[in-house]
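Next come the chains, spelled out residue by residue.
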Amino acid sequence: MKIDYSGQGSVEWDEFCTYMQLEYTEKEELVVRSKQVAFALPATMKPLSHGEPILKIHQISDGMIVTLKEDGAVSYWSSTLQLRKSKSVFHERPIGRKAKWATDLVTMPQYNKLIIGTGDREIQLYELSSLEPHCQINSLETVPLKLDYCYTGPDECAVVYGDAQGCVSIILMTSVGETLRLWKKLPKVENVPSISIDHAVQSPNITYIRWKVHEDWVTKVKYFQSIPAVVSTSNHEASALVIGCILPSTNIEQQMREIKEACREGKGKKAGFGVSSPQQRVACDQTVFSIYKGVKTFDFCTTRNLLITGGMDRLIRMWNPYVPGSPTGILKGHSALIFYLHIATEDGRVFSVSTDNSARIWDIQDQSCLFAAHPKASFLRGELTACLYSPAVKGLYISTDSLALLSLKTKAEPQGSYTTSHKEAVLCCGYSAGFRQVVSCSEGSVIKVWDVDTGNEMFEFGGAHGLSAVTCMTFDPKGRRLVTGGRDGCLRIWNFNNGHCLKTLSREDGAPEICDCCYLQVHRNTFVMSVGWARRIDVYLDSAEDTRHVQRPKPAWEDDLMKGHREDVLCVAQCPPYLLATGSYDGEIIMWNLVSGRIQSRFLTPPPPNAEDPQTVDRSVLSLVFLRTRAIDAAFSSAASLLSSGAQGQVHFWNVQNGGKFVQSFNASRLQQQIRKLAVTADDRLLFAGDDVGYVCVYDIQHCALALRQDPPPTVNFWRAHISSITGLHLIESEQVLLTSSTDCTVRLWSITGEFIGTFGQRERWSLHTASSWKHPAVPYEVLIDPLSLPSHCRLDGKIQTLSDVLSSESTEDTESDSPNKVRNRLPSSSDREMEEINSAFYPQHRKWRRHEIFKHANKSPDHAGPKLYHALKCYDVDDVPAACEELDLTLAGIDAFTASSEREEPAGI
């Protein structure tokens, strides 16, 4: 059935192949869309004063950014690049003596210290908050070019640095706090307490190891405790990247074997290590990666077991750290030296920056470039000196002539327990009985197909109308093809199971937005009809013999051209065999004869009775629905057979026979909000109305708007389905369920009596025929906490606004009247979580008191049972309050006053 969309009863081999190819093409595009990411361009820039360049950008735990300049100037910035503090940490030297210069910076957050390497072969420690000098280790063998720090355990740490001789030095410290306190009391050199490396290693709390690793200076070094190992890089090809141990291996046999082999080759090898003599690691203690032109930068992710490198050859290589022979992938695209790399583990992305100020985002799984920010777009100018990716702000900090933040474009994620079906507002939805599938269309031109029995997403395809929103939809009579209308003025016919666009229906001169569409069957011919901002009715012949991909409409009706709508046509409804109704923005409704194309009658929507100025009232007709049992039955010739939505929540009844006339109207919205969608059952007994704030109201219209009866229809049920405007309302009577969609990005399923089944896209799957798998009696969380869902009561509408105020006031009243039901102590207030549990248990689908649910819930939390019952009593229509209190053994202030009120205000619903 999915392949045979035309219903011919057979499938050709080429049709099968085409279907499969298109289906998997759309699935591939779906994966690509889900990974779409981009930088917000241009970058946020912060100009820097003239002087030395920034050497290092580092982020500390509170989200602040620390930068270090070559002259020792340390600056603190907010995450949005607001300068908070700046200070030059180096002591001023006498005139004529060469100024000290910095090489690198790291922090010791556990000890509130800042570590800076200097060109005078020093490692200096400063207070992180005040930037006052604490101590320094001087007289190192060489200049520490690159630094790293790692907290290795309680009061233990490791400081690692790489130098210009290709050596990696490791300082392991125990009793760190005590050691730093002792060092601070040492004699000062240039106003900094100092200790030489030779004296430092004599302490029992210090272990010093120096490895000869590379034949060129170290370009980056990092300690990974999870391995544990030190990873260092250089521009020397033979030892471009080395993963090596910290301490020598305890495998004596392996070490002796390698020493003997080295002796046979005539090379001496010393065992052990010291301050002045860097040692070579044995082969079993390190893994060496030989990479063309060396490595400038790298990053390592232990979670994904992924190592990436970049350097002079402009390629990003992806490695398995245990397989140094060849990379697992190569990312090509940069046209200059790779300066910075970062693996965003949680997002599955790699961020890279090259020296031409170009930044790229790569997908780890697909090994493809997701986005490239060129300097012409980002406005990055000058020489690149430092980079840092911040997971907290989802952006790259880049230092050139200015300090810049290149942040990702991100959409606000739903908070708390929010569940969404689409990323954008849902504008329409429908149900295909043949496939038992729900189809929903969004503002972002994305169409999703859902399984109605479980809520699973079956398929999705995007770009249905390019960048234009999909505003309306309908199905062909067999339910196998989907017709969508968009803001681009086109109709498209789809095989919605694989995203294949079968036809495009559009006018030659183009058309503005299409607002509604429907399928028509006249005699043996089928047609697609659309209405919209063009203020005309476009009719397209739906024929299997017409093989044109782009199809034009049939000639317009004469009455439509001469006497049609004068404003935008917003909705259309059909009643077989020949009636058609259209409604427009100015409140006009026109009845058409489908066979002749002539106007049969026209109506003007009346203003609401309480309107101050009828000329300024919005009379737009947003929805039309026929009562088909009345329209085709001669016995109802004087009864209303057409319903339309009007202003301020009004629904109007119209008689369409004998020239037509207005019969009656009633207020269908509890909050006087405009009705967006109408739906009736097949027997025209129940009317479902969805309004602008998400309420669904159900009315019994079986005996309404007859010739002799003008009474408003009785209310059967009402509930709040969404927190914003309802855009789709469809009855699936074969399953006794109601389908709704809304601009709050959700599509939901309800029983016909208002029980919440679930939101399409939720994690938990439901079984349509197993009520225990439904969300009922819970309600959607965002509906629960929305202010419009709060109950309405005279006490709450007055000066008293909170539960504690109510309890306090009522307790005072009871004390004065000496009531036996007074509350001696103020009851504890309920938290938001408790309120969610309360409403989950007490949600009134039939507006009846489900006492067993309340008693069960209250007995679980006896300490909070009082306020919970009080909330329930204030929110819902309760008949037997004293009995409920007695069964719970509770006494509540205000219960008697609440139940005794003869004019109890009906709640607005939740």
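In this text the structure is predicted, and so the values were computed from the model without any measurement. (Residues numbered from 1 in each chain as written. Predicted model: local features only at pLDDT ≥ 70, side-chain atom pairs only at ≥ 80, totals over all residues. Heavy atoms only, no water.)

J.: Honestly, the overall build of the chain in this entry has me stumped. Any pointers?
T.: On a plain count of helices and strands, the chain comes out with 15 helices and 58 strands. Sorting the 910 residues of the chain into buried and exposed places 55% on the buried side. Accessible surface, the chain: about 41100 Å² in total, of which carbon and sulfur atoms supply 50%. (Helix = DSSP H or I, 4+ residues; strand = E, 2+ residues; numbered from the N terminus. Buried < 20%, exposed > 50% of the residue type's maximum accessible area, 1.4 Å probe, protein only. Areas by Shrake-Rupley, 256 points an atom, 1.4 Å probe, with all protein chains shown as cover.)

J.: Hey, could you run me through the sheet that holds strand β38 (residues 500-505) in this one?
T.: Backbone hydrogen bonds are what pair the strands of a sheet, in a parallel or an antiparallel way. Strand order in this open sheet of 5 strands is β35-β36-β37-β38-β42, and the pairing throughout is mixed. Since the sheet does not close on itself, it has two edges, and those belong to β35 (470-475) and β42 (550-551), each with one partner. Judged from the 2 bridges that link them, β38 and β42 form a sheet pairing that is parallel. Looking at the pairing, T504 lines up with V550 of β42. (Pairing = 2+ DSSP bridges.)

J.: Please explain the pairing of strand β31 (residues 426-432) as it appears in this structure.
T.: Extensive coverage of β31 is indicated by the burial of 7 of its 7 residues. Pairing of β31 with strand β32 (residues 437-442) involves 6 bridges; the strand directions are antiparallel. Its bridge partner being in β32, V426 is matched across the sheet by S442. Count of turn residues in the β31/β32 antiparallel hairpin: 4 residues, of which R436 carries a positive phi of about 55°.

J.: Explanation requested: a nonpolar patch on the surface in the structure shown.
T.: Judged by side-chain polarity, V11, W13 and F16 come together as a nonpolar surface patch covering roughly 330 Å² of accessible area. Structurally, the position occupied by F16 is in helix α1 (residues 13-34). For F16, a relative accessible area of 32% corresponds to the partly exposed category. (Patch = residues over 30% accessible without salt bridge, like charges linked within 9 Å, V, L, I, M, F, W, Y side chains within 5 Å. Salt bridge = Lys/Arg side-chain N within 4 Å of Asp/Glu carboxyl O.)

J.: Where do I start with the environment of E156 in this structure?
T.: Looking at where E156 falls in the secondary structure, it is placed in strand β11 (residues 156-163). Overall, the relative accessible area of 32% leaves E156 in the partly exposed class. Each C-alpha atom of the pair E156 and L172 lies 7.6 Å from the other, and the pair is 16 residues apart in sequence. Sequence-distant contacts of E156, defined by excluding residues within four places in its chain, comprise Y111, Y151, M173, T174 and V176. (Contact = heavy atoms within 4.5 Å.)

J.: Sorry, what's going on with helix α2 (residues 176-184) here?
T.: Residues three or four positions apart in an α-helix share a direction because the helix packs 3.6 residues into each turn. Every buried residue of α2 is accounted for by V176, G177, T179, L180 and W183. Each buried residue of α2 sits inside an arc of 165° when the element is viewed along its axis, so together they form one side. (Arc of directions from axis to C-beta.)

J.: I tried to follow the sheet that holds strand β54 (residues 715-720) on my own but got confused; where do I start?
T.: Pairing in this open sheet of 4 strands is antiparallel, and the strands run β51-β52-β53-β54 from one edge to the other. Bordering the open sheet on either side are β51 (675-680) and β54, each of which pairs with just one other strand. Mean inter-strand twist for the sheet, computed between neighbouring axes without regard to direction, equals 15°. Of the strand pairs in this sheet, β51 and strand β52 (residues 686-691) are connected by 5 bridges, and their pairing is antiparallel. By the bridge assignment for β52, K677 is matched with G690. (Axes fitted to C-alpha atoms, helices over the stretch in contact; angles between N-to-C directions.)

J.: Where do I start with the environment of C157 in this structure?
T.: Counting through the fold element by element, C157 comes out in strand β11. Beyond its immediate stretch of four places on either side in the chain, C157 contacts M108, Y149, C150, Y151, T152, I171, L172, M173 and V176.

J.: Just to check I follow, could you spell out the packing of aromatic side chains for this structure?
T.: Given two aromatic rings, one states the distance between the centres and the angle between the planes to describe the pair. For the structure on display, the rule yields 20 aromatic pairs. With centroids separated by 6.0 Å and ring planes inclined at 35°, the aromatic side chains of F653 and F666 adopt a geometry described as tilted. Here F653 is found in strand β49 (residues 650-655), whereas its partner F666 is found in strand β50 (residues 661-667), with 13 residues between them in sequence. Taken together, a centroid distance of 5.0 Å and an interplanar angle of 70° make the contact between F666 and Y699 edge-to-face. Note that F666 is positioned in strand β50 and Y699 in strand β53 (residues 695-700), a separation of 33 residues in sequence. The pair F666 / Y699 is uniform in exposure class, with both members buried. Ring pairing ties together the aromatic residues F39, F351, F371 and Y389, which thus form one cluster. One Lys or Arg, K100, reaches over the ring of F90 and ends 5.7 Å from the middle of that ring. Lying over the aromatic face of F298, K220 brings its terminal NZ or CZ to 5.2 Å of the ring centre. (Phe/Tyr/Trp six-rings, centres within 6.5 Å; stacked < 30°, edge-to-face > 60°. Lys NZ or Arg CZ within 6 Å of the ring centre and 35° of its normal.)

J.: I tried to follow the pattern of salt bridges on my own but got confused; where do I start?
T.: Pairing is possible between side chains of opposite charge, provided their charged atoms come close. In the structure shown here, the tally under the stated rule is 37 salt bridges. Between E23 and K27 there is a salt bridge, and its shortest N-O distance comes to 3.5 Å. Separated by 4 residues within a single helix, E23 and K27 lie in helix α1, roughly one turn from each other. Note that D453 and R436 form a salt bridge whose closest N and O atoms lie 2.6 Å from each other. Of this pair, D453 sits in the loop between β33 (447-451) and β34 (457-461) while R436 sits in the loop between β31 and β32, and the two are 17 residues apart along the sequence.

J.: Whenever I open this one, the side chain of T400 confuses me. Can you help?
T.: Along the chain, T400 turns up in the loop between β29 (395-399) and β30 (402-407). Residue class for T400 comes out buried when judged on its relative accessible area of 7%. Separated by 2.9 Å, the side chain of T400 and the backbone oxygen of R381 make a polar contact. Apart from residues no more than four positions distant in its own chain, T400 is found in contact with L48, N357, R381, G382, E383 and L384. (Polar contact = N/O pair within 3.5 Å; in protein donor to acceptor, adjacent residues only side chain to side chain.)

J.: Hey, could you run me through the nonpolar core in this one?
T.: Note that soluble globular proteins tend to have their nonpolar side chains buried in a common cluster. The biggest cluster of nonpolar side chains holds 30 residues, and the ones touching the most others in it are F39 and L396. Elements that contribute at least two residues to this core include exactly β2 (54-59), β24 (338-344), β25 (349-354), β26 (359-363), β28 (386-390), β29 and β30. Discounting chain neighbours no more than four positions away, the residues touching L396 are F39, Y340, F351, V353, A359, L388, Y389, A404, L405 and L406. By size, the runner-up hydrophobic cluster in this structure holds 24 residues, among which are V106, M108, L140 and I197. (Core = buried A, V, L, I, M, F, W, Y, C linked by side-chain atoms within 4.5 Å.)

J.: What should I look at first to understand the state of the cysteines in this one?
T.: Each disulfide is one covalent bond, formed between the sulfur atoms of two cysteines. Evaluated as defined, the whole model comprises 0 disulfides. In this model C429 remains outside any disulfide bridge; the closest cysteine sulfur is found in C428, 7.3 Å from its own. For C429, a relative accessible area of 3% gives the class buried. The thiol sulfur of C441 is not disulfide-bonded, and the nearest other cysteine sulfur, from C428, lies at 3.9 Å. (Disulfide = S-S within 2.5 Å.)

J.: Sorry, what's going on with unusual backbone geometry here?
T.: With an omega of -15°, the peptide bond running from I227 to P228 counts as cis. In this fold, P228 is placed in the loop between β16 (218-224) and β17 (229-234). Note that the residue after H776, namely P777, is joined by a cis bond; omega there is 10°. As for its position among the elements, P777 is in the loop between β58 (756-759) and α8 (781-785). Of note in this structure, N112 is not a glycine but carries a positive phi near 55°. Within the element layout of this structure, N112 appears in the loop between β6 (102-108) and β7 (113-118). By relative accessible area, which is 32% here, N112 ends up partly exposed. Despite not being glycine, N305 shows a phi value in the positive range, around 55°. Note that N305 resides in the loop between β20 (297-301) and β21 (306-310).

J.: Got a minute to help me understand the side chain of S530 in this structure?
T.: Checked against the element boundaries, S530 lands in strand β40 (residues 525-532). S530 sits in the buried class, given a relative accessible area of 3%.

J.: What is the right way to look at the confidence of the model for the chain in this model?
T.: Any region with low pLDDT has predicted coordinates that should not be read closely. For the chain, mean pLDDT is 82; residues scoring 70 or higher make up 82% of the total. Note on residues 795-868: pLDDT under 50 across the span, and 127 contacts to partners over four residues away in sequence or across chains. Below a pLDDT of 50 lies the segment residues 870-880, which in the model reaches 36 contacts outside its immediate sequence neighbourhood of four places, other chains included. (pLDDT = per-residue confidence, 0-100.)

J.: What exactly am I supposed to notice about the pairing of β35 here?
T.: Successive residues of a regular strand alternate their side chains across the two faces of the sheet. In terms of burial, β35 is a largely internal element, 6 of the 6 residues being buried. The sheet contact formed by β35 and strand β36 (residues 482-486) spans 5 bridges and is antiparallel. Directly across from C472, in β36, lies its bridge partner G485. Counting the residues that bridge the hairpin from β35 to β36 gives 6 residues, and of these G479 lies at a positive phi of roughly 75°.

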